[in-house]
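Residues per chain are reported as follows:
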Amino acid sequence: MKQFLTISQLVFIKAWRSNLLPALVLVMLPLFYAAWAFESTNPGFQTGFLADLSGSTMSLLAGMLIFFLGLEHFFWPADQKTPWFFLSRAGGRSLFATGKLVGVAGVLFAALSVFSLVFFLMMFFSEGRWFFSLLTTTLLVFYEATLLAAVLQLLAAIFSKLLAGGCLLVIYVASHNLDNLRTAAGAFGSLPEGAATVIFALLPDLGLFRGVWYTNFSLPIMLYVTCYTCLQLAFYLAMTGIILRRQDL
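What comes next is a walk through the structure. (Residues numbered from 1 in each chain as written. Predicted model: local features only at pLDDT ≥ 70, side-chain atom pairs only at ≥ 80, totals over all residues. Heavy atoms only, no water.)

Details of the overall build of the protein
Convention followed: Under the DSSP-based scheme used, a helix requires at least four consecutive residues in state H or I and a strand at least two consecutive residues in state E, with every element numbered from the N terminus. Each residue gets one of three labels from its accessible area relative to the maximum for its type: buried under 20%, exposed over 50%, partly exposed in between, using a 1.4 Å probe on protein chains only. In what follows, residue pairs with any heavy atoms lying within 4.5 Å of each other are defined as contacts. Methods summary: accessible areas were calculated by the Shrake-Rupley approach with a probe of 1.4 Å, and residue burial reflects only the protein chains presented.
When helices and strands are tallied, the protein shows 11 helices and zero strands. Reading the helices (α) and strands (β) of the protein from amino to carboxyl end gives α-α-α-α-α-α-α-α-α-α-α. Within the protein, the proportion of its 249 residues that are buried is 42%. The contacts of the protein with a sequence gap of at least 6 include a subset with a gap of at least 24, amounting to 78%. When the accessible surface of the protein is split by element, carbon and sulfur atoms take 70% of a total near 13,300 Å².

Listed below in structure tokens is the structure:
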């Protein structure tokens, strides 16, 4: 327990010391200003623009964080030296993978909390009321980003950086269109449909998160989404640990 928490803490500390979050804030400032200016002018054909933009902007931020943190902290056997300091002290390679993912998730949570607060205040000053549904959106974006980070870590243990990045983009698009893909697979007969069912079960259903954006908090829905996220994370971490244990490091 203490070992993977120490690894995750080092990931968070390194991100903090490298000023990653302030740099992302500076990058996103023009977007914040443009959204605020558009909302303030209120041209008539679009109202609540900030509310519509908040989830997409936080998803973009989370994607950027996953990219930078993944390249720096995930284990890429073909592209970087073996982190003997961690692997020699961790009780198992699964702890190494879990610690890295928890650290990345901690950075994601901190960044999304800051950006959520910014949008929360902007929407209050623009509309004159609190949009508490933004908190639900922030939590769902965090779940989605953490799942993608776990998938990237699994891919990192198998492929090079370029190939893993390409695979992640394909998985991202496919995971948002699972219903359409299931329908297409069913049109080719029972055998392809059965194989597709297994493949789709291994992919994260990201459409599940997007489907309840901007909704009021619902305890049954959030419990279901939370349980699904935890189970998927456990699966990806287990697979990553198995692959790392089988590799000759």
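Next comes the rest of the description.
Here we look at helix α7 (residues 161-175)
Note on helix geometry: an α-helix contains 3.6 residues per turn, so any two residues three or four positions apart are oriented the same way. Let me state the cut-off plainly: The span expected for a helix works out to 1.5 Å for each residue beyond the first. It is the directions from the helix axis to the C-beta atoms whose arc is reported.
Between its first and last C-alpha, α7 extends 20 Å over 15 residues, near the 21 Å set by a 1.5 Å rise per residue. Taken together, the buried positions of α7 are A164, L168, I171, A174 and S175. Projection of α7 onto a plane perpendicular to its axis shows the buried side chains occupying an angular sector of 130°, all on one side. Across α7 from its buried face, at more than 90 degrees, point the exposed residues L162, L169, V170 and V173.

Some thoughts on a nonpolar patch on the surface
We count it as follows: Only residues whose relative accessible area exceeds 30% and that form no salt bridge are eligible for patches; like-charged ones are grouped when within 9 Å, while nonpolar side chains (Val, Leu, Ile, Met, Phe, Trp, Tyr) are grouped when within 5 Å. A side-chain nitrogen of Lys or Arg and a carboxyl oxygen of Asp or Glu constitute a salt bridge if their distance falls within 4 Å.
A cluster of nonpolar side chains, L117, L121, F125, W130, F132 and L135, forms an exposed patch at the surface whose accessible area comes to about 640 Å². Of the residues forming the nonpolar patch, the biggest block, three residues, is contributed by helix α5 (residues 93-127). Residue placement: L121 occurs in helix α5. Judged by relative accessible area, which is 35%, L121 ranks as partly exposed.

Considerations on the pattern of salt bridges
Tallying each qualifying case throughout the model produces one salt bridge. Among the salt bridges present, the one from E72 reaches K14, with a minimum N-O distance of 3.1 Å. Residue E72 is found in helix α3 (residues 49-73), and its partner K14 is found in helix α1 (residues 2-17); the two are separated by 58 residues along the sequence.

Things to note about helix α6 (residues 133-156)
Counted at 1.5 Å a residue, the expected span for α6 with its 24 residues is 34 Å, and the 35 Å between its end C-alpha atoms agrees. In terms of burial, α6 is largely enclosed, as 22 of its 24 residues are buried.

Concerning the environment of S175
Within the secondary structure, S175 is located in helix α7. Given a relative accessible area of 1%, S175 falls into the buried group. Each C-alpha atom of the pair S175 and D205 lies 5.2 Å from the other, and the pair is 30 residues apart in sequence. Those residues in contact with S175 that lie beyond four places of it in its chain are L203, P204, D205, L206 and G207.

Re the side chain of T146
By the secondary structure assignment, T146 is in helix α6. In contact with T146, other than residues within four places in its own chain, are L101, A105, L108 and L233.

Topic: the nonpolar core
Put simply, the rule is: By convention a nonpolar core is built from buried Ala, Val, Leu, Ile, Met, Phe, Trp, Tyr and Cys residues, the set being connected through side-chain atoms within 4.5 Å.
Core analysis: the largest hydrophobic core is formed by 65 residues, its most contacted members being L65, L108 and F209. When contributions to this core are tallied by element, the ones reaching two or more residues are α1, α2 (20-41), α3, α5, α6, α7 and α11 (219-246). Counting residues per element, this core draws most heavily on α6, which supplies 15 residues. If sequence neighbours within four positions are ignored, F209 has contacts with L140, Y143, E144, L147, V225, Y228 and T229.

Some thoughts on the packing of α6 against α7
Which entries qualify depends on this criterion: As a rule, the C-alpha atoms of each element are fitted with a line to give its axis, helices using only the stretch in contact, and angles between N-to-C directions run from 0 to 180 degrees. An angle below 35 degrees is treated as roughly parallel, one above 145 as roughly antiparallel, one from 65 to 115 as roughly perpendicular, and anything else as oblique. Each crossing gets its handedness from the near helix: less than a right angle anticlockwise from the far helix is left-handed, clockwise is right-handed. Classification used: nonpolar for Ala, Val, Leu, Ile, Met, Phe, Trp, Tyr, Cys and Pro, charged for Asp, Glu, Lys and Arg, polar for all others including Gly.
Remark: α6 packs on α7, axes separated minimally by 9 Å, with the N-to-C direction vectors making an angle of 140°. One finds that α6 runs oblique with respect to α7. Seen from above, α6 lies across α7 with right-handed handedness. Counted together, E144, L148, V151, L152, L155 and A156 of α6 and A164, C167, L168, I171 and Y172 of α7 form the full contact between these two elements. Of the residues that constitute the contact of α6 with α7, the class distribution is 10 nonpolar, no polar and one charged.

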